[in-house]
Amino acid sequence: MTTAELLGKDPVWLIVVKCLIVFIICVLATLMAVWTERRVLAKMQLRTGPNRVGPAGLLQSLSDGVKLALKEDIIPAAADKVVFIIAPIIATSMCFMAFAVIPMTGVVNIFGHKTALQLTDLPVGVLYILAVTSIGVYGVVLAGWSSGSTYPLLGGLRSSAQVISYEVAMGLSLVAVFIYAGSMSTSAIVDSQHQHIWNAVVLFPSFVIYVISMVGETNRAPFDLAEAEGELVGGFHTEYSSLKFALFFLAEYVNIIAVSALATTLFLGGYHALPGLGFTEQWLGGWFTLIWFFTKVNFFFFIFMWLRGSLPRLRYDQFMKFGWKVLIPVSLIWILIVASLRVLQQEGAPRSAILAFAAGVVVIVMAMISLIERNKEKVRSTVLPEGEAPNFPVPSLPQVQSINVSGGK
Amino acid sequence: MSDFNEKVEIEKKTLGDVDINSVPFTEVEQSGPASLAQQAKGFWVTFSTMFKKNQTVQYPDVKAPTAPRFHGRHQLNRHPDGLEKCIGCELCAWACPADAILVEGGNNTPGNQLSPGERHGAVYQINYLRCIFCGLCVEACPTRALTMTNEYELADDKREKLIFEKDDLLAPLRQGMLAPPHPMYPGMTDTNYYNGDVKEAHPSQAEK
């Protein structure tokens, strides 16, 4: 029985319960994510991080949220009032909606009902996620525009341009997954990985492109140009305060968890256990798969934090160049290769033909790389005339072992 | 006015001679991006740092000792018999670059002997909203009356509370000290006091 058939038998009350569970998971995960991020980043910087509120500071993000909610809610005089209020609602609700098609557990028992923790299973589930996150961009654009101020407008334009360009690369990296799994349904993709091998292994280039573009898509460091504090104050949410700001904050983190969950589903085998640990999936009546799922999601979340802790912010032109001139062409070529291999396989070509094709691709790619390298204009170098050795002590340069401070002999 | 115009014209002429396309410049070799292994080094730095001991001092719970010569709150010291060392000379107030110290001297009388010799500090205030803890007042003090402690928790919620009076600054009475006012040690002059000849209070000093 497929997951879609299983979910089709859910009574209405169970659907409502699942809605509630998904919502609670998202909000709780956000609270935990904020705390985890602050603690882990602190660790990476030899600090402790929040440790005052609750055990080990666990309630810090909750108290921050309460504080935000109790703050004065300001709507600027120049703002378009209706759009100003609607924008954060759009941004947040769309992030939550993306979670509807993510399969979080295998078959489990909820109040005596056999089902899976997945709200619905669309045959075009992944396309639905892409569509919903694209609508979420409206929240950002409208917030920037309706604030009636320069910085939010610039920030809003930046982040929408960013999200849209990286969504192209993201969508293209998913095409290879669709070709390989033969379906766009999230649960079918998870099943196909369970039968064969993780997509992260067979479609490694797609996996890398997806991970890069998901960071770009969520406006996170090192791609957080839209919220470049030094340049744009706060980006599109500069004029927002109180609960509306909290909604954007929530949207950002739910979005991160959503793209991480999608990465888990499409590339790391979803809720299934690591290879060789399949017996754990039966523990706790199948609920142990939820733990596997969130372990994998946390792996991606850790990558987000690690990037933020290690890398400086990109310049805008470099960022766009990387997205359009590197990620998109590479994923287009990769799709061609995957599609050709797939067709060869399905048409029953002999193994030798497939291998010959793969070898040919490798040779062509290597030839292209060497051609590009050769055609690169060699940078002419003129050595600067050496000045006289200084007659006073100077600190040694990093690449110089020692320097003559006596001057002369 | 005419001179000025001439100068401008000369500058224009020299600028006009230089062709923007023939400005000499030196090309420098660009090293380009580092290898992937080199770039991965940065990630290793942040990752390994997670497992190092962090440097945070849990301040209100744990108070790390200061350096021994840390410039903290001031203290007005006493002679071993309890008399104040401050003679109200105002040198500290004059030395203070932030104008944080106010001193008014007063005369020692037989019934009101607060310090050895003729004078004592009648009013002594340090304004910790102004003080920059430079220690010039301590250097200026001729009797070693003013020194600095290691105490640094001086924050408060009222401006008035941060002007410390003489009572707030005076060192506590130790073993063998008598609370002034009381007469000087019998047979000792103020010079003896400064030379450290007085080691403790004499029983006769306690009698009023």
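For the structure itself, look to the data block above.
Here we summarise the structure given alongside this text.

What counts, and at which threshold
- Residues numbered from 1 in each chain as written.
- Chains lettered and ligands numbered in written order.
- Predicted model: local features only at pLDDT ≥ 70, side-chain atom pairs only at ≥ 80, totals over all residues.
- Helix = DSSP H or I, 4+ residues; strand = E, 2+ residues; numbered from the N terminus.
- Buried ≥ 20, exposed ≤ 12 C-beta atoms within 10 Å, placed from the backbone.
- Contact = placed C-beta atoms within 7 Å.
- Expected span 1.5 Å × (residues − 1).
- Axes fitted to C-alpha atoms, helices over the stretch in contact; angles between N-to-C directions.
- Parallel < 35°, antiparallel > 145°, perpendicular 65-115°, else oblique.
- Left-handed = near helix turned anticlockwise from the far one by under 90°.
- Core = buried A, V, L, I, M, F, W, Y, C linked by C-beta atoms within 7 Å.
- Pairing = 2+ DSSP bridges.
- Bend = angle between axes of the 7 residues up to and from the residue.

## Some details on the overall build of chain B
- Looking only at helices and strands, chain B features six helices and five strands.
- Sequence-ordered secondary structure for chain B, helices as α and strands as β, is α-α-β-α-β-β-α-β-β-α-α.
- Counting over 208 residues, chain B shows a buried share of 18%.
- Within chain B, contacts between residues separated by at least 24 positions form 71% of all contacts whose residues are at least 6 apart in sequence.

## A look at the overall build of chain A
- Tallying secondary structure elements over chain A gives 14 helices and two strands in all.
- With respect to the principal axes defined by its C-alpha atoms, chain A has extents near 90 × 70 × 45 Å.
- A total of 409 residues make up chain A; the buried ones form 38% of that total.
- Residue pairs in contact within chain A that sit at least 24 positions apart in sequence constitute 76% of those at least 6 positions apart.

## Focus on helix α2 (residues 12-44) of chain A
- Between the first and last C-alpha of α2(A) there are 47 Å, a value that for 33 residues agrees with the 48 Å anticipated at 1.5 Å per step.
- Buried within α2(A) we find Lys18(A), Cys26(A), Ala29(A), Thr30(A), Ala33(A), Val34(A), Trp35(A), Glu37(A), Arg39(A), Val40(A), Lys43(A) and Met44(A).
- Along its buried surface, α2(A) packs onto α3 (60-70), α4 (81-98), α11 (242-267) and α12 (288-310) of chain A together with α2 (36-49) of chain B.
- Leu46(A) occupies a position one or two residues after α2(A) and carries a positive phi of about 60°.

## A word on unusual backbone geometry
- Along the chain, Pro180(B) connects to Pro181(B) via a cis peptide bond; the corresponding omega equals 5°.
- With respect to the helices and strands, Pro181(B) occurs in the loop between α5 (166-169) and α6 (190-195).
- Positive phi, normally seen in glycine, also occurs at Leu46(A), with a value near 60°.
- Structurally, Leu46(A) can be placed in the loop between α2 and α3.

## Points about the packing of α2(A) against α12(A)
Residue and element names in this part refer to chain A.
- Between α2 and α12, the shortest axis-to-axis distance is 10 Å and the interhelical angle comes to 45°. Taken together, the axis directions place α2 and α12 in an arrangement best described as oblique. Crossing of α2 over α12 shows right-handed handedness. Counted together, Ala 33, Glu 37, Val 40, Leu 41 and Met 44 of α2 and Phe 301, Met 305, Arg 308 and Gly 309 of α12 form the full contact between these two elements.

## Digging into the nonpolar core
- Core analysis: the biggest nonpolar cluster contains 92 residues, and Ala91(A), Val254(A), Ile257(A), Ala258(A) and Ala263(A) have the highest contact counts within it.
- For this core, the leading source of residues is α11(A), giving 18 residues.
- What Ala91(A) contacts, discounting residues up to four positions off in sequence, is Gly136(A), Gly139(A), Val140(A), Leu247(A), Phe248(A) and Ala251(A).
- With 15 residues, the next largest nonpolar core counts Ile87(B), Val103(B), Cys141(B) and Ala145(B) among its residues.

## Describing the pairing of strand β2 (residues 113-116) of chain A
Residue and element names in this part refer to chain A.
- Taken together, the four bridges between strand β1 (residues 107-110) and β2 define a ladder with antiparallel strand orientation. From the neighbouring strand, Val 108 faces β2, where its bridge partner is Thr 115.
- In this antiparallel pair of consecutive strands, β1 and β2, the connection spans two residues, and Phe 111 shows a positive phi of 50°.

## Brief notes about the packing of helix α9 (residues 204-217) of chain A against helix α13 (residues 316-346) of chain A
Residue and element names in this part refer to chain A.
- Packing of α9 against α13 brings their axes to within 10 Å, and their N-to-C directions diverge by 150°. By the angle class used here, α9 and α13 are roughly antiparallel. Between α9 and α13 the crossing geometry is left-handed. Here α9 contributes Pro 205, Ser 206, Ile 209, Ile 212, Ser 213 and Gly 216 to the contact with α13, which in turn contributes Gly 323, Leu 327, Val 330, Ser 331 and Trp 334.

## What to know about α13(A)
Residues and elements named next belong to chain A.
- In this model α13 runs 43 Å from its N-terminal to its C-terminal C-alpha over 31 residues, within 8% of the 45 Å that 1.5 Å per residue would give.
- If you look at α13, its biggest bend is around 30°, right at Phe 322.
- Every buried residue of α13 is listed here: Phe 319, Gly 323, Leu 327, Ile 328, Ser 331, Trp 334 and Val 338.
- Residues of α13 that are buried make contact with α6 (150-181) and α9.

## Brief notes about the sheet that holds strand β5 (residues 163-164) of chain B
- Taken together, the three strands give an open sheet; going across it, the order is β2-β3-β5 (chain B), and neighbouring strands pair in antiparallel fashion. Only two strands of the sheet have a single partner each, and these edge strands are β2 (101-107) and β5 of chain B.

## A closer look at the environment of Pro205(A)
Residues and elements named next belong to chain A.
- Tracing the sequence through the fold places Pro 205 in helix α9.
- Note on Pro 205: 16 C-beta atoms within 10 Å, which makes it partly exposed.
- Every residue in contact with Pro 205, bar those within four places of it in the chain, is listed here: Val 330 and Trp 334.

## Points about the environment of Ile126(B)
Residues and elements named next belong to chain B.
- Position of Ile 126 relative to the elements: it lies in strand β3 (residues 119-127).
- Accessibility expressed as a C-beta count within 10 Å gives 25 for Ile 126, which makes it buried.
- With 36 residues separating them along the chain, Ile 126 and Glu 90 place their C-alpha atoms 12 Å apart.
- Leaving out residues up to four positions away in the same chain, Ile 126 has contacts with His 74, Ala 100, Ile 101, Cys 131, Phe 164 and Leu 169.

## Describing the environment of Val208(A)
- Mapped onto the secondary structure, Val208(A) falls in helix α9.
- Here the alpha-carbon distance between Val208(A) and Ser173(A), two residues 35 residues apart in the chain, equals 8.8 Å.

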